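# Structure at a glance
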Amino acid sequence: MTLQSVVDELRERPGTGEVIPVIDPATEEQIAEFTDCGEDAVDDAVARARATFESGVWHGLPARERAKIMWRIADLMDQHVDELAELDSLNTGMPLVQAQNIMPTCAEFFRYYAGWCTKLDGAAYDVRMTGGITGAHASMHAYTIKEPFGVVGHIIPWNGPMMTACAKLAPALAAGCSNVLKPAEETPLSALLLVKLIAQAGVPDGVVNLLTGNGHTAGAALAAHPDVDKIAFTGSTEVGKQIVRAAAGNLKKVLLELGGKSPVLIYDDADLETAIKVAAGGIFVHSGQGCVCGSRIFVQRSVYDQVVDGVAQAANAAKLGGPKEKGSRIGPLISQKQLTRVMGFIDEGKRDGVEVVTGGHRLDRRGYFVHPTVLTNVDPAMRLYQQEIFGPVVTILPFDDDDEAVAMANDTTYGLAATVWTNNLSRAHRLAKRLESGTITLNCQLVFDHAVPFGGYKQSGWGLEYGREGIETYMQTKSVWTQL
Ligand code: ADP
């Protein structure tokens, strides 16, 4: 599908609400527009998904057949890797090479979870009951069945449209669920191609349904819908809480992958050159618009100045530019709204006496580019220290010992990821236990594998994605008892 055909198809999609422009964040120019699908479209999509679930046209297939179709999705994605990468990079502003690197990982979700289709077995239990209701001693046979949840609504953010869509659809399809996918209103382009490839691979009509609409309309209606069994959401903690409230109506289950304010602890015995390089990349990549970005760096006092200098140098060396600009390593923020929000945090910090070591301003060019920014002299009570900024902004503070480092690292409502840089093995593992976070990375950052569970502690989420846990998210367990 060429860009023009995606744009045309998006424009033709029926809707009843406002006309939503799709903006290229690197140029601020409009690349497409579409009409908010409205609430009737949500009802229709859920009804179609429900009908396929009731008929069993997908979850009733032999598991090996579902697996074959999922492999085909991955193969088709590989064949269309250039188009998918182009759509996501144009729409999000991320460098084209970065999008090209990500796409095979997205496709791999379908292969990884294809393998699980044939392994979704329950367990058998040999139970001796003594003195049940009848008072009799009885031998029982009990077993569990793993069943797909039913109709799942997937609400996707704009920062990694394909990655988050595939991370949710692949395990949900492997589990046998029927699905409604709502990409972010800022980034609907790649989802149009993805659902086409899914259909082409042989997933029956109605098993994956696309909604193109706003969060407060289509997203909210999906989250509140009485016939949706589960919502899988990636996005801000604030919207996550709204989804939980909306889900209360029918007590639908909710998977939440939310924000972070991830700490990075750098000790004086670490390989400092690597730590500085990776910690800088760990916040400035994708202009800080990643939930696991390490936005708070804490440094042992003896090497504090060295690390601040090093991260600032990396910030100044970072080449910002549009997706196809030569040598560009970092793209713009996604939108004017996000630019205003990020600059609001920075300007407030400046007024409150924060020291701007480097950055602190948008670039003097078209596009929502913010210079990678390093802040010191930060008071932990400040909003910019407590809240997720989702921009290329890092605070760096010194610490003296483990207790102080852990206390500062854990002083947040979030708990998504935490990193320790040290060559002291015992300390690394002691800290891994003490840090309140769903993922701990030791002497590395931003690592990922489809098989390793991922989820947030505290207000960073509910439930787990990836790995075995990631497919169990889309299944429920039924216990069956038999009197022998
Ligand atoms: P941001 O605020 O940075 O745009 P969000 O967390 O709001 O990020 O967006 C993530 C996804 O949640 C998007 O698909 C968006 O449309 C959707 N969304 C936003 N508000 C709501 C809501 N009230 N109910 C359901 N979905 C929503």
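Quick look at the structure, then. Counting restarts for each chain: residues are numbered from 1 in the order of the written sequence. Local features are withheld for residues below a pLDDT of 70 in this predicted model, meaning they are given only at 70 or higher, and side-chain atom pairs are given and counted only at 80 or more; totals for whole chains, interfaces and linings count all residues. Heavy atoms throughout the structure, all of them, feed into the side-chain values; hydrogens and water do not.

### Let's talk about the site of the ligand
For the ligand, the set of nearby residues contains 20 residues, the closest of which are Ile156, Lys182, Glu185, Ser236 and Gln242. Side-chain polar atom of Glu185 to an oxygen atom of the ligand: 2.5 Å apart, as the coordinates give it. Polar contacts here mean pairs of N or O atoms no more than 3.5 Å apart (in protein, one a potential hydrogen donor and the other a potential acceptor; neighbouring residues in sequence count only if both atoms are side-chain atoms). At a separation of 3.2 Å, an oxygen atom of the ligand approaches a polar backbone atom of Gly215. Using the Shrake-Rupley algorithm and a 1.4 Å probe, accessible areas are obtained, with residue cover drawn only from the displayed protein chains. Notes on the ligand: free accessible area 540 Å², of which the protein chains cover 85%. Elements are defined by DSSP. Helices are runs of H or I of four residues or more, strands are runs of E of two residues or more, and each kind is numbered from the N terminus. Elements supplying a minimum of two residues to the shell around the ligand: helix H8 (215–224), strand E8 (230–234) and helix H9 (237–247). Charged means Asp, Glu, Lys or Arg here, nonpolar means Ala, Val, Leu, Ile, Met, Phe, Trp, Tyr, Cys or Pro, and polar covers whatever is left, Gly included. Residues belonging to the shell around the ligand are distributed by class as follows: 10 nonpolar, six polar and four charged. Throughout, near means a residue has at least one heavy atom within 4 Å of the molecule or strand.

### Description of the nonpolar core
Formed by 68 residues in total, the largest nonpolar core has its most connected members in Met70, Met77, Phe110, Tyr113, Leu173 and Val203. In this description, a nonpolar core means a group of buried Ala, Val, Leu, Ile, Met, Phe, Trp, Tyr and Cys residues linked to one another through side-chain atoms lying within 4.5 Å. To sort residues, take the accessible area from a 1.4 Å probe on protein chains only and compare it with the maximum for the residue type: under 20% means buried, over 50% means exposed, and anything in between is partly exposed. With 29 residues, the next largest nonpolar core counts Met343, Val354, Leu375 and Val378 among its residues.

### Describing the packing of helix H10 (residues 272–284) against helix H11 (residues 304–317)
The contact between H10 and H11 brings their axes to 9 Å, and the two run at 50°. Taken together, H10 and H11 sit at an angle that is classed as oblique. Relative to H11, H10 is oriented so that their crossing is right-handed. Between H10, through Leu272, Ile276, Ala280 and Phe284, and H11, the contact on the second element is made entirely by Gln306, Val307, Gly310, Val311, Ala314 and Ala315. A fitted line through C-alpha atoms represents every axis, and for helices the fit uses only the stretch in contact; the resulting angles, taken between N-to-C directions, go from 0 to 180 degrees. In these notes the angle categories are as follows: under 35 degrees is roughly parallel, over 145 is roughly antiparallel, 65 to 115 is roughly perpendicular, and the rest is oblique. Crossing handedness is read from the near helix: turned anticlockwise from the far helix by less than a right angle, it gives a left-handed crossing, and turned clockwise, a right-handed one. In what follows, a contact means two residues having at least one pair of non-hydrogen atoms within 4.5 Å.

### Some remarks on the packing of aromatic side chains
Any two rings among Phe, Tyr and Trp, with Trp reduced to its six-membered ring, count as a pair given centres within 6.5 Å; such a pair is stacked if its planes are under 30 degrees apart, edge-to-face if over 60, and tilted if neither. Following the criterion strictly, the structure yields eight aromatic pairs and no others. For the ring pair Phe109 and Tyr466, a centre distance of 5.5 Å and an interplane angle of 50° mean the geometry is tilted. Residue Phe109 is found in helix H5 (residues 96–116), and its partner Tyr466 is found in the loop between strand E17 (461–462) and helix H16 (467–472); the two are separated by 357 residues along the sequence. Taking relative accessible area as the criterion, Phe109 reaches 0% and is therefore assigned buried. Both rings, one in Phe454 and one in Tyr466, keep their centres 5.5 Å apart while their planes meet at 15°; by these two values the pair is stacked. On the criterion of sequence distance, the pair formed by Phe454 in the loop between strand E16 (439–442) and E17 and Tyr466 in the loop between E17 and H16 is long-range, its members being 12 residues apart. Here Phe454 matches Tyr466 in class, with each residue buried. Of note, Arg296 hangs over the ring of Tyr385, and the distance from its end group to the ring centre comes to 5.4 Å. Should the NZ of a Lys or the CZ of an Arg lie within 6 Å of a ring centre and within 35 degrees of the ring normal, that charge is described as sitting over the ring.

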